[in-house]
Amino acid sequence: MSATEMSMKPRASAPSKAAGGRRRMLILGAAVVVVLAAMALDTTVVRIGSEQDARVAGFDPDSFGTKEFPRVRDYVTGKAPEAAELAQALAADKKAALAKYGNGTAEAMPTLPVRLTGTLGEGKAGIYDIAVEGVPDVRIRVQTGPAINGTDLRDVPGDIAFGQFKNQIEYQNAGAGLNRAMKAAVLDGLDSASLSGRQITLAGAFKLINPKMWLITPVEVDVK
């Protein structure tokens, strides 16, 4: 091909290149719109507080505690023996006492219900000793807050089991939710810093870690 022929060959003009760029941008923009539309169609709006919201949020320990606490309280108050009776039964035959007063579950550290009336002694961090007539050889204490620890309320009825929850964290949180529900229903308004010397009547539950030392989580409290 001669130089003359090459010079006569048409070349792409700048305007045609610009038009091609605009077309590519339009195609890309249309693709983005299609993707966003597809995402919108696949999106479900969940109203806060609805059943769908609860499923999205997962396990709610406070809702669980609020729902279950009245049932746990009724179990404890309906089955709890007096402290003196329970202490004597444990001292005489622990296995028989657990069969009579426990929840029937085979626990390494069983949880028992109890009721008592006594005089509050010295307290530390909301945990008070209680002098109970007829129970001279057992140190009995009650936790009154602000912190309520342990899983006594979760474990005492015997029918709140690990298998009902997704994992150990949920199972632990179920106990914490019950403690918070109890605190709101039973201990709110109680001055846990100045109870020494006052008479207390309570029903509650405790882990039998040491038969001679009970730490009770209450479900009902009356302080005079």
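The structure displayed is predicted, hence computed values, not measured ones.

A.B. asks: Can you help me understand the overall build of the protein chain in this one?
C.D. replies: Looking only at helices and strands, the protein chain features eight helices and five strands. Along its sequence from the N terminus, the protein chain presents helices and strands in the succession α-α-α-α-α-α-β-β-β-α-α-β-β. Each of the 224 residues in the protein chain was classed as buried or not, and the buried ones make up 34%. Taking the contacts inside the protein chain whose residues are at least 6 apart along the sequence as the reference set, 69% of them involve residues at least 24 apart.

A.B. asks: What is the right way to read the nonpolar core from this model?
C.D. replies: As a rule of thumb, soluble globular proteins bury nonpolar side chains together. Grouped together as the largest cluster of nonpolar side chains are 25 residues, with contacts concentrated most on Ala 83, Leu 86, Leu 116, Ile 130, Ile 140, Phe 206 and Trp 214. When contributions to this core are tallied by element, the ones reaching two or more residues are helix 5 (83-92), helix 6 (94-101), strand 1 (111-124), strand 2 (127-131), strand 3 (139-143), strand 4 (199-207) and strand 5 (213-223). With near-sequence residues (within four places) excluded, Phe 206 lies in contact with Leu 86, Pro 110, Thr 111, Leu 112, Val 114, Asp 152, Trp 214, Leu 215 and Ile 216. Core analysis: the next-biggest nonpolar cluster, separate from the first, contains 19 residues, Phe 64, Val 76, Leu 153 and Ile 160 among them.

A.B. asks: Would you take a moment to explain the environment of Arg 198 for this structure?
C.D. replies: By the secondary structure assignment, Arg 198 is in the loop between helix 8 (168-187) and strand 4. In this structure the C-alpha to C-alpha distance between Arg 198 and Gly 121, which are 77 residues apart in sequence, comes to 8.1 Å. Sequence-distant contacts of Arg 198, defined by excluding residues within four places in its chain, comprise Gly 118, Thr 119, Leu 120, Val 223 and Lys 224.

A.B. asks: Just checking my understanding: could you explain helix 4 (residues 61-79) for this structure?
C.D. replies: Note that an α-helix has 3.6 residues per turn; residues three or four places apart therefore point the same way. Compared with an ideal rise of 1.5 Å per residue, which puts 19 residues at 27 Å, helix 4 spans 25 Å between its outermost C-alpha atoms and is within 8% of the ideal. Buried within helix 4 are the following residues: Pro 61, Phe 64, Gly 65, Glu 68, Phe 69, Val 72 and Val 76. Where the residues of helix 4 are buried, they touch strand 1, helix 7 (152-155), helix 8, strand 4 and strand 5. Near the N-terminus of helix 4, the side chain that reaches the backbone nitrogen of Asp 62, with its oxygen 3.1 Å away, is that of Asp 60.

A.B. asks: Could you clarify how one ought to interpret the layout of surface pockets in this entry?
C.D. replies: Think of a ball as big as a water molecule: rolled over the atoms, this probe shows where empty space is left. Computed from the structure, the largest pocket encloses a volume of approximately 250 Å³. Lining the largest pocket are 13 residues, with Arg 141, Asp 152, Lys 207, Ile 209 and Leu 215 positioned closest to its centre. Sorting elements by how many residues they give to the lining of the largest pocket places strand 5 first, with three residues. Considering only residue class, the lining of the largest pocket consists of six nonpolar, four polar and three charged.

A.B. asks: Quick question: what am I supposed to make of the sheet that holds strand 4 here?
C.D. replies: To summarise the sheet geometry, strands pair through backbone hydrogen bonds and adopt either a parallel or an antiparallel arrangement. Judged by pairing direction, the barrel is mixed, and its five strands sit side by side in the order 1-2-3-5-4 before closing back on the first. Taken pair by pair, the neighbouring strands of this sheet meet at an average axis angle of 55°, ignoring direction. As defined by bridge partners, strand 1 adjoins strand 2 across four bridges and the pair is classed as antiparallel. Counterpart to Gly 123 in the pairing with strand 2 is Tyr 128. Where helix 5 meets the sheet, it contacts strand 1, strand 3, strand 4 and strand 5, and its direction lies at approximately 115° from that of strand 1.

A.B. asks: Just checking my understanding: could you explain the pattern of salt bridges for this structure?
C.D. replies: Any two side chains of opposite charge can pair, so long as their charged atoms come close to each other. In total, this model carries eight salt bridges according to the counting rule given. For Asp 62, the salt bridge is made with Arg 180, and the minimal N-O distance between the two is 2.7 Å. Of this pair, Asp 62 sits in helix 4 while Arg 180 sits in helix 8; the two residues are 118 residues apart in sequence, bridging distant segments of the chain. Judged by its relative accessible area of 41%, Arg 180 is partly exposed. Between Asp 129 and Arg 139 there is a salt bridge, with its nearest N and O atoms 2.7 Å apart. Of this pair, Asp 129 sits in strand 2 while Arg 139 sits in strand 3, and the two are 10 residues apart along the sequence. With relative accessibility at 24%, the residue Asp 129 sits in the partly exposed group.

Cut-off values and rules
Residues numbered from 1 in each chain as written. Predicted model: local features only at pLDDT ≥ 70, side-chain atom pairs only at ≥ 80, totals over all residues. Heavy atoms only, no water. Helix = DSSP H or I, 4+ residues; strand = E, 2+ residues; numbered from the N terminus. Buried < 20%, exposed > 50% of the residue type's maximum accessible area, 1.4 Å probe, protein only. Contact = heavy atoms within 4.5 Å. Core = buried A, V, L, I, M, F, W, Y, C linked by side-chain atoms within 4.5 Å. Expected span 1.5 Å × (residues − 1). Polar contact = N/O pair within 3.5 Å; in protein donor to acceptor, adjacent residues only side chain to side chain. 1 Å grid on protein atoms, 1.4 Å probe; cavity = no way out; pocket = protein on both sides within 12 Å on 5 of 7 lines; lining within 4 Å. Points joined across faces, edges and corners; volume = space filled by probe spheres on them. Nonpolar A, V, L, I, M, F, W, Y, C, P; charged D, E, K, R; others polar. Pairing = 2+ DSSP bridges. Axes fitted to C-alpha atoms, helices over the stretch in contact; angles between N-to-C directions. Salt bridge = Lys/Arg side-chain N within 4 Å of Asp/Glu carboxyl O.

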